[in-house]
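Remarks on the overall topology
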Amino acid sequence: MTVTTELSFTHRFVPATDPAAPPLLLLHGTGGNEDDLLPLARIIAPGSAVLSPRGKVLEGGMPRFFRRLAEGVFDEDDVRRRADELADFVGAAREAYGLAAPIAVGFSNGANIAAAVLQRRPDALAGAVLLRAMVPLREPPDASLSGKPILIVSGAMDPIVPADNAARLATFLRAVGGQVRHEVLPTGHGLTQADVDLARGWIERLNEAG
Ligand code: MLT
């Protein structure tokens, strides 16, 4: 495993042990870092190369991927700028490490930036697992997702992501051609074993289909 600051984000890169497995782009939640989701990646996609950047925005010292004005209220100019910056990083990392387009696996703030990248720069990603995601841009761009596979997993009792907001995200992504599966678990904002099982099964089926 390498950790490097040479590309535009401090990140970890773990090379693939199975060249047929799709690379993952891991995007942590608020207050997390590039190490947070590595254990999850090993479970849901053993053998995949892993690219895991640290969000550059600091909120009270906690890394995030874009600025917010309050909980659930986003600085949408910053969302757009940071989504483009992250897509550029993915492009540079693909070249540096020789990777195919990755599947984003994002949690909370990381899922929200992944959704924004899908909406602004869909070519940067091969698909996405969005865990506890919400709508990142109230007026979504209409970049085509043309069949891109997307798994959204929400919590029915999530105090941070209202159920109708997550449903709206699924609608937005479907409207531009995303092949969206939206699961709602009887849980809150934190991840559960059911999230892990859903994500692992979904990635396995994607591999079989591809
Ligand atoms: C966000 O700010 O992206 C969401 O409110 C989730 C969070 O990070 O708490």
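A brief report on the enclosed structure follows. (Residues numbered from 1 in each chain as written. Predicted model: local features only at pLDDT ≥ 70, side-chain atom pairs only at ≥ 80, totals over all residues. Heavy atoms only, no water.)

**So, the overall build of the protein chain**
Keep this limit in mind: Here a strand is any run of E in DSSP of at least two residues, a helix any run of H or I of at least four, and the numbering for each starts at the N terminus. Each radius of gyration reported is based on C-alpha atoms, and the globular scaling rule is 2.2 Å times the count of residues to the power 0.38. Relative accessibility decides the category of a residue: with a 1.4 Å probe and only protein chains considered, values under 20% of the type maximum give buried, values over 50% give exposed, and everything between is partly exposed. The protein chains shown are the only cover counted for residues, whose accessible areas, like all others here, come from Shrake-Rupley with a 1.4 Å probe. In this tally Asp and Glu are treated as negative and Lys and Arg as positive; neither His nor the chain ends contributes. Just so you know, the charge point we use is NZ for Lys, CZ for Arg, CG for Asp and CD for Glu.
In terms of helices and strands, the protein chain carries five helices and twelve strands. For 210 residues, the compact-globule formula gives about 17 Å, and the C-alpha radius of gyration of the protein chain, at 15 Å, lands near that figure. Projected onto the principal axes, the alpha-carbon positions of the protein chain cover approximately 40 × 35 × 30 Å. For the protein chain, with 210 residues in total, the buried portion stands at 54%. Working note: accessible area of the protein chain is about 9000 Å², and carbon and sulfur atoms make up 51% of it. Averaging the locations of the 21 positively and 25 negatively charged side chains of the protein chain gives two centres separated by 1 Å.

**A word on the packing of helix α2 (residues 76–97) against helix α3 (residues 109–120)**
What counts is decided by this rule: To get an axis, fit a line to the C-alpha atoms, keeping to the stretch in contact for a helix; angles then go from 0 to 180 degrees between the N-to-C directions. Oblique is the label for any angle not covered by the other classes, which are roughly parallel (under 35 degrees), roughly antiparallel (over 145) and roughly perpendicular (65 to 115). Contact definition: two residues touch when any of their heavy atoms are within 4.5 Å.
Interhelical geometry of α2 versus α3 gives an angle of 80 degrees and a closest axis separation of 9 Å. Put simply, α2 runs roughly perpendicular to α3. Along the contact surface, α2 presents V79, R80, R82, A83, D84, L86 and A87, while α3 presents I113, A116, V117 and R120.

**A closer look at the environment of G177**
With respect to the secondary-structure elements, G177 resides in the loop between α4 (163–175) and β12 (179–185). The exposure class of G177 is partly exposed, given its relative accessible area of 31%. The sequence separation of G177 and L118 amounts to 59 residues, and the corresponding C-alpha distance is 11 Å.

**Remarks on the nonpolar core**
Our working definition: Remark: nonpolar core denotes a set of buried residues (Ala, Val, Leu, Ile, Met, Phe, Trp, Tyr, Cys) joined through side-chain atoms within 4.5 Å.
Formed by 43 residues in total, the largest nonpolar core has its most connected members in L27, L130, I150, I152, L169 and L173. The set of elements that each furnish at least two residues to this core consists of β3 (24–27), α2, α3, β10 (127–131), β11 (149–155) and α4. If we skip the residues at most four places from it in the chain, I152 touches L130, L169, A170, L173, V180, R181, H182 and E183. If you look at the next biggest cluster of nonpolar residues, it comprises 23 residues, including V14, L37, F107 and V196.

**Some remarks on the site of the ligand**
Definition in use: Residues are labelled near a given molecule or strand when at least one of their non-hydrogen atoms is within 4 Å of it. Any pair of N or O atoms that falls within 3.5 Å is considered a polar contact. Within protein, one atom must be able to donate a hydrogen and the other to accept it, and sequence-neighbouring residues count only if both atoms are side-chain atoms. Polar here means any residue outside two lists: the nonpolar Ala, Val, Leu, Ile, Met, Phe, Trp, Tyr, Cys and Pro, and the charged Asp, Glu, Lys and Arg; Gly therefore counts as polar.
Around the ligand, a shell composed of T30, R64, F66, R68, G72, F74, S108, N109, N112 and I160 is seen. Taking T30, its side chain carries an N or O atom lying 2.5 Å from an oxygen atom of the ligand. A distance of 2.8 Å is found between an oxygen atom of the ligand and a side-chain nitrogen or oxygen belonging to R64. When the free accessible area of the ligand is taken as 260 Å², the share hidden by the protein chains comes to 96%. A class-by-class count of the residues in the shell around the ligand yields three nonpolar, five polar and two charged.

**Side note on empty space enclosed by the protein**
Threshold: In this analysis the probe radius is 1.4 Å and the grid spacing 1 Å, with only protein atoms considered; a cavity is a set of points the probe fits into but cannot get out of, a pocket is an open set with protein on both sides within 12 Å along at least five of seven lines, and lining residues have an atom within 4 Å of a point. Grid points are joined across faces, edges and corners, and a volume is the space filled by probe spheres set on the points.
Tallying each qualifying case throughout the model produces one cavity of 30 Å³ or more. Counted as a void, the largest cavity has a volume near 30 Å³. As for the largest cavity, its lining consists of R132, A133, S154, G155, D158, V161, A163 and A166. Those elements that provide at least two residues to the lining of the largest cavity are β11 and α4. Here the residues of the lining of the largest cavity sort into four nonpolar, two polar and two charged.

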